[in-house]
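Architecture and fold: a report
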Amino acid sequence: MNDGTMTGDQDGGAAQRFDVTMTVNGIERTASCEGRRNLVDFLRHDLHLTGSHVGCEHGVCGACTVLVDDHAVRGCLMLAVQAEGRRVETIEGLSPEDGPLSDLPRLFAEQYALQCGFCTPGILMTLREVIRDTPDAGETELREALSGNLCRCTGYQNIVDAALAALALMRDGGEGA
Amino acid sequence: MAERRYIGQSTPRVEDDALLRGKARFVDDLTAPGVLHAAFLRSPVAHARLLGLDLEEARAIPGVVAILTLADLKDVLTEERLPLQFISKTLPPDITPYVLAKDEMLYVGEPVAVVLADSRATAEDAASIIGIDLEEMTPVGDLRAAVEPDAPPVCSTRAGNVCEAFEVGYADVDAAFREAAHSVRLSMNQHRGGAHPIEGRGILAEPDAGGGLVVRSSTQLAHEARAFLVALLDLDENRLRVVTPDVGGGFGAKFLLYPEEVVASAAALLLGRPVKWIEDRREHFLAAIQERDQLWEIEAACDAEGRLLGVRGSMIHDAGAYVPQGINLAYNAVTAYPGPYVLPAYHMDVRVGMTNKVPTIPVRGAGYPEGTFAMERTLDALAARVGIDRVEIRRRNLVPAESIPYATPLKSRSGAGITYDSGDFPALLDQVLEAIDHAGFEARRAEAARAGRRLGIGVACGIKGTGRGPYESAIVRVGRSGKVTVFTGAMPMGQGLKTAMAQICGDALGLPPDRIEVICGDTGTIPLGIGGFASRQTVVAGSSVARASAAVREKAIRIAAHLLEADGGDIELVDGEARVKGTNVGIDLRAIAASAHGSPGYALPPGVDPGLEASENFMPKGLTYGMGAHAVEVAVDEETGLVTLTRYAVVNDCGRAINPRMVEAQIHGGVVHGIGNALFEYMDYDDQAQPVTTTLADYLMVTAPEVPRIDVRIAEYPSPLNPLGVKGVGEAGCLPVAPAIASAVEDALGVREAAIQRVPLSPPDLIDLLRARAADAA
Amino acid sequence: MKPAPFRYHAPGAFDEALAMMGDLDNAKALAGGQSLMAMLNLRYAMPDHLVDLNGIEALRGISDGPDGIAIGAMTRQRVLERDSLLAMRAPIFAEALRHVGHLQTRNRGTIGGSLCHLDPAAELPVLAMLHDAVLRVRSAARGERSLDMAAFPAFYMTPSLEPDELLVGLSFMPWPEGTRHAFLEVARRHGDFAIVAVGCLVALDGKGAIDRAAIVLGGIGPAPIRLTAGEAMLRGERPGIELFRAVGAEAAGLEAMGDSAYSAGYRQHLAGVLVRRALQRACPSEAGVIS
Ligand code: FES
Ligand code: FES
């Protein structure tokens, strides 16, 4: 942020704006936004990647979860400017554009782990880190790891089953996530 | 009749691919050139006279385009108030919400003015500095006090705070008490918070060049919304199109046309620019409907064997500050009370009370959970009094299988009798006991006790009326391209409705569901529609789709027979083709459709009218009732009051499962909603009727660790009331959860007589209960 | 629900950050942001300037030195949870951190942010008090000062920091190897702020008597409370269930705050239960408990 990308006027202007550049799903993207713009709003409304959702804007529901430098974070609790120069992954990057769904989302479909699908992007991104970091997780650990994501539709069971299936697949040498 | 290849199978959901790639389109994913973002100024207090607004400073903020009050919208509105959603002859006329507050504000969060700006943030900046001149009036927060004759009024222009009082009942209940061997009294304080879909409400209203409007709304009722907007905005029906994008859950919160939607639409017309409003979570807490509170006082009588003789009592229902929909919630609750049991005599006095809180309309379950809780607690109390097992008293009172169909003496809101159309209730109870290994429970309890854990088990039943009318629409069309499209006024909010409709249509037309497109909730594609509520859509829309598909099938076969010079009886529809059975002579749907669409100057096949499509609006004769039996095992920490659910089993009758995995998934969601109501979700207000729980950190929705594995078993007792035999399951799962858990908790603690009469049950409540009992014992 | 406008600053060095905190009016430091960002979104906090500390490498890290273990204020909770030095020398950290928020918030949240936010029931202030941590605080104008964790809370959710001061980090002497510990809390849901949280450390002497003990409760008072009377009761005694019960009773006698959801009485009750249980869990064999 100190590398000259700051375009905010220096004194007292109403809106301080920044050109923010980050790598999103492997592609470098730049857009201009206000300093107060949070990361998920930036992704959704400035980069038009509307796959990440907003459910509470106060850090509880997890619908806004994206990966920043491989770690799941709440996109509503991080400013877009704070992601300057970082690697961001969203649901849009999970499966190849014209190919079949990658393992984890495919297992979500197979296990009926989504209904309205509004919470799903956040849950998938959370699970990416969980599956990578705790490949031996059992049901209890998975439920604990999912405690930061609310889902009003599914009751979680099928989500947990999809995650368990992904872990099993990964142990068998698949990609899992 | 077509072969059943897809109905009854867990075919993959057609909705999933887009959702799993982030390519679904929810309302906040949409935008329009020149869009203005709305933020609302809302009442900061529960009751006040609105004297004026100081808008000057707010208007001066760069980016603010307009700030509008009710007076500013006059030119485009025909009415200042919203119409009552359900027609009523008994409710007073001044009971519905204003589009924007006029001169009195009746609840915290009531919309007062709207700011339109180039961004939501700027709109909020402006809204936050509007000066609001008000004179505070006495807020009425406590429901019991509100309905007292001398209570201060919720609204200064209304006569009293009881907007409607009615009685429900049958037979001579006092006589029943005279004969009774035992009786009990219960005083229940039931609370069900809000709906809280993870996606809030939202709307994008776009004016078109011809003075019309396209409204994209996250709603459960596209066609109803259009009807109200047409009336309020005085638009020609053809000038107003309501389209529903993907909807991120509804649960009742979106089954209403709200002031915010009217304001956004009116502002778009007035300013000639698109207007977008996306509800944030705080607004959902303040201004989206809730279900909230019911206070039940009942007395129940039974014979020496524990058979119910009669129940009488009263119920006060919290309507909030306005009645936008009707009194259905209160009505449902008291008529749901008898549930799957034989209740010979019943009388309830109901008062619908007003408070200075956000209005209530049904949340998933719609009053049935409260009625169910009251009945199931009654049975537990009576079992203790009579000295029989809690399961046994249920067995003795369930409507026996041989009495089905069973006409209860009650009527539903529509005036039709409540008749349980199919099922075997005792069988479901037996199955759930087996599912939870009820027989092995005492051994588990003893083993847990050795490790210092107190286990308990609870069983409860509920029955939900589903498939409410009057009708739902469907058009099934084979286009010139040969592609099959189903249009319906039904509204998906996550249930997998499109999949189910595609399965139903697919069976008729011999096409896999993923080759059928289903378009829902778009008033531009189908003229009629009702929407998504009351677990109705698979029943009602499904039946319409089934019939329309059958008609298309029949026509396609007729045309194919003509084109192939074969007998219609020899033709089958397979894989998008009409084939002469046992041959490879066939013709595809595209050619059949082309033939039915005709060519200029040429005749259509004989006896065929133009087009390959059919329209159907199935009208159910009555509600179809699906019974559910639940059993739960809990571990209670009697020192902290924490309850952990260790096992959960459900057997639920869905008539016929169109897609068994989707049915199970609906039940999972319902049960977990019910767990929230039983143990967690509480919408708290202070004594000034200020909401206290306005974030998801304070209002506790259930997360994954609180949920045990739920063993769902589907029972299929086909309904005679619709061609598919289906019953709805969207709400069923949440009905008997709270009473089952309450019963299990009491069982763990050795408490009897249904001492838990208040939900949600919080840990401190449980500690208080134990202390009170210890004090009683001492 | 968007924040009110503020000016965002991203100093790359600590001195720069301190200068900003000294120069700018109504400035707020942004650490992990897992509470502050929510408060900004809700417009509960409306600073004119936001000074982002995330770019300051010097504030991050966990090290072992003569003053004990030192932890930089901007060390993320996720790092604390998985740090091998802490796992060895202060294993109660990993145990308590499981209760801190959720994976996503621990990935961003910092120890300094948590200490300065000072939620009465937060886990990290309990741990800092339990270890008698010394906090280093610095300002551009007056340089550095140290203060004990016990003196850090000024009042409800407010640390004793001047507007121009920033927390540098904390340090503490780890307890001897073999120290028993337990961290317990009652929360309605996994990851919620506790209603009441208890941490305890118990060091035994060679003969099996308690040489030294520390017990801290969160969620009882406006800031974590040290159960000094209970610690004194333990000192020199052999661990045992009766003793632990008595210490629990002491905890239940603490003055407690209450709110509409959880009364003071309920919190006191939990304090008693949790203190007893924490001690039992720390000393399972002595307390006759199968752990
Ligand atoms: S929107 Fe970020 S946690 Fe809910
Ligand atoms: S699938 Fe609807 S909120 Fe999770």
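Residues numbered from 1 in each chain as written. Chains lettered and ligands numbered in written order. Predicted model: local features only at pLDDT ≥ 70, side-chain atom pairs only at ≥ 80, totals over all residues. Heavy atoms only, no water.

In the annotation of an unreviewed UniProt entry, the entry for chain B reads Xanthine dehydrogenase family protein molybdopterin-binding subunit, and the organism field reads Marivibrio halodurans.

**Here we look at the UniProt feature "domain: Aldehyde oxidase/xanthine dehydrogenase a/b hammerhead" (unreviewed entry) in chain B**
Sequence positions flagged by UniProt for "domain: Aldehyde oxidase/xanthine dehydrogenase a/b hammerhead" (unreviewed entry) are, in local numbering, residues 21-138 of chain B. For residues 21-138 of chain B, the end-to-end C-alpha separation is 52 Å, with 15% helix and 29% strand making up the annotated structure. (UniProt positions renumbered as here; feature names shortened; annotations may be inferred. Helix = DSSP H or I, 4+ residues; strand = E, 2+ residues; numbered from the N terminus.)

**Thoughts on the interface of chain A and chain B**
Where interface size is quoted, it is often the accessible area lost as the parts come together. In this assembly, 50 residues from chain A lie in contact with 56 residues from chain B. For the pair chain A and chain B, the two sides together bury roughly 4300 Å², of which 54% comes from carbon and sulfur. Area buried by chain A at its contact with chain B is led by Tyr112, Gln115 and Arg152 of chain A, which between them contribute 22% of it. Applying the counting criterion to the chain A and chain B interface returns seven salt bridges. Residues Asp161 of chain A and Arg709 of chain B are paired through a salt bridge, measuring 2.8 Å at the closest nitrogen-oxygen approach. Inspection of the chain A/chain B interface yields 26 residue pairs in polar contact (both at pLDDT 80 or more). Of all elements in the fold, only α1 (39-46), α2 (103-110), α3 (120-133), α4 (139-145) and α5 (157-171) of chain A reach the threshold of two or more residues within the side of chain A that touches chain B. (Contact = heavy atoms within 4.5 Å. Buried area = accessible area lost by both parts, 1.4 Å probe. Salt bridge = Lys/Arg side-chain N within 4 Å of Asp/Glu carboxyl O. Polar contact = N/O pair within 3.5 Å; in protein donor to acceptor, adjacent residues only side chain to side chain.)

**Remarks on the interface of chain C and chain B**
Between chain C and chain B, the contact holds 23 residues from the first and 32 residues from the second. On the chain C side of the contact with chain B, Met1, Arg188 and Arg189 of chain C bury the most area, a combined 35% of that side's loss. Taken together, chain C and chain B are joined by five salt bridges. For the interface between chain C and chain B, the tally reads 17 residue pairs in polar contact (both at pLDDT 80 or more). When residues of the side of chain C that touches chain B are assigned to their parent elements, the largest contribution, six residues, is made by helix α11 (residues 264-282) of chain C. A breakdown of the residues in the side of chain C that touches chain B according to their chemical character gives 13 nonpolar, three polar and seven charged. (Nonpolar A, V, L, I, M, F, W, Y, C, P; charged D, E, K, R; others polar.)

**So, the nonpolar core**
Ranked by size, the top nonpolar core spans 264 residues in total, and within it Phe108 and Leu127 of chain A, Trp296, Tyr346, Ile675 and Val745 of chain B together with Leu217 of chain C carry the most contacts. Val478, Val540, Val545 and Leu573 of chain B belong to the second-largest nonpolar core, a separate cluster that totals 50 residues. (Core = buried A, V, L, I, M, F, W, Y, C linked by side-chain atoms within 4.5 Å. Buried < 20%, exposed > 50% of the residue type's maximum accessible area, 1.4 Å probe, protein only.)

**Focus on the domain arrangement of chain B**
Residues and elements named next belong to chain B. Domain boundaries in chain B define domain 1 (16-23 + 469-618), domain 2 (31-137 + 201-247 + 254-287) and domain 3 (293-468 + 621-777). Taken over C-alpha atoms, the centre of domain 1 sits 40 Å from the centre of domain 3. Contacts between domain 1 and domain 3 engage 21 residues on the former and 20 residues on the latter. For the pair domain 1 and domain 3, the summed buried area comes to about 1400 Å², and 64% of that belongs to carbon and sulfur atoms. Across the contact surface, domain 1 and domain 3 share zero salt bridges. Taken together, the links from domain 1 to domain 3 amount to six residue pairs in polar contact (both at pLDDT 80 or more). Those elements that provide at least two residues to the side of domain 1 that touches domain 3 are α15 (497-509) and α16 (537-564). (Domains from an automatic or database assignment.)

**Some words on unusual backbone geometry**
All names here are of chain B. For the peptide bond that leads from Ile404 to Pro405, omega is 0°, which places it in the cis range. Along the polypeptide, Pro405 turns up in the loop between α12 (390-397) and β16 (406-411). A cis amide bond links Gly469 to the next residue, Pro470, at an omega of 10°. Counting through the fold element by element, Pro470 comes out in the loop between β18 (454-466) and β19 (472-478).

**Quick notes on the pairing of strand β4 (residues 71-74) of chain A**
Residues and elements named next belong to chain A. Taken together, the four bridges between strand β3 (residues 65-68) and β4 define a ladder with antiparallel strand orientation. Residue pairing across strands places Val66 opposite Val73, the latter belonging to β4. Between β3 and β4, which pair antiparallel in sequence order, lie two residues; one of them, Asp69, sits at a positive phi of approximately 45°. (Pairing = 2+ DSSP bridges.)

**Section: helix α20 (residues 763-777) of chain B**
Compared with the 21 Å implied by 1.5 Å per residue over 15 residues, the 21 Å span of α20 of chain B between its first and last C-alpha is a close match. For α20 of chain B, the complete set of buried residues consists of Pro763, Pro764, Leu766, Ile767 and Leu769 of chain B. In this structure, the buried side of α20 of chain B is in contact with β26 (624-637), β27 (642-653) and α19 (737-749) of chain B together with α11 of chain C. (Expected span 1.5 Å × (residues − 1).)

**A closer look at the packing of aromatic side chains**
For the coordinates displayed, the defined rule picks out 15 aromatic pairs over all chains. Pairing Tyr337 of chain B with Tyr346 of chain B gives two aromatic rings, centres 5.3 Å apart and planes at 10°, and the pair type is stacked. Assessed through its relative accessible area of 0%, Tyr337 of chain B is described here as buried. Seen from their ring centres, Phe93 of chain C and Phe172 of chain C are 5.7 Å apart, and the 10° between their planes marks the pair as stacked. With a gap of 79 residues between them, Phe93 of chain C in helix α5 (residues 92-97) and Phe172 of chain C in strand β10 (residues 166-172) connect regions that are remote in the sequence. Judged by relative accessible area, which is 1%, Phe93 of chain C ranks as buried. (Phe/Tyr/Trp six-rings, centres within 6.5 Å; stacked < 30°, edge-to-face > 60°.)

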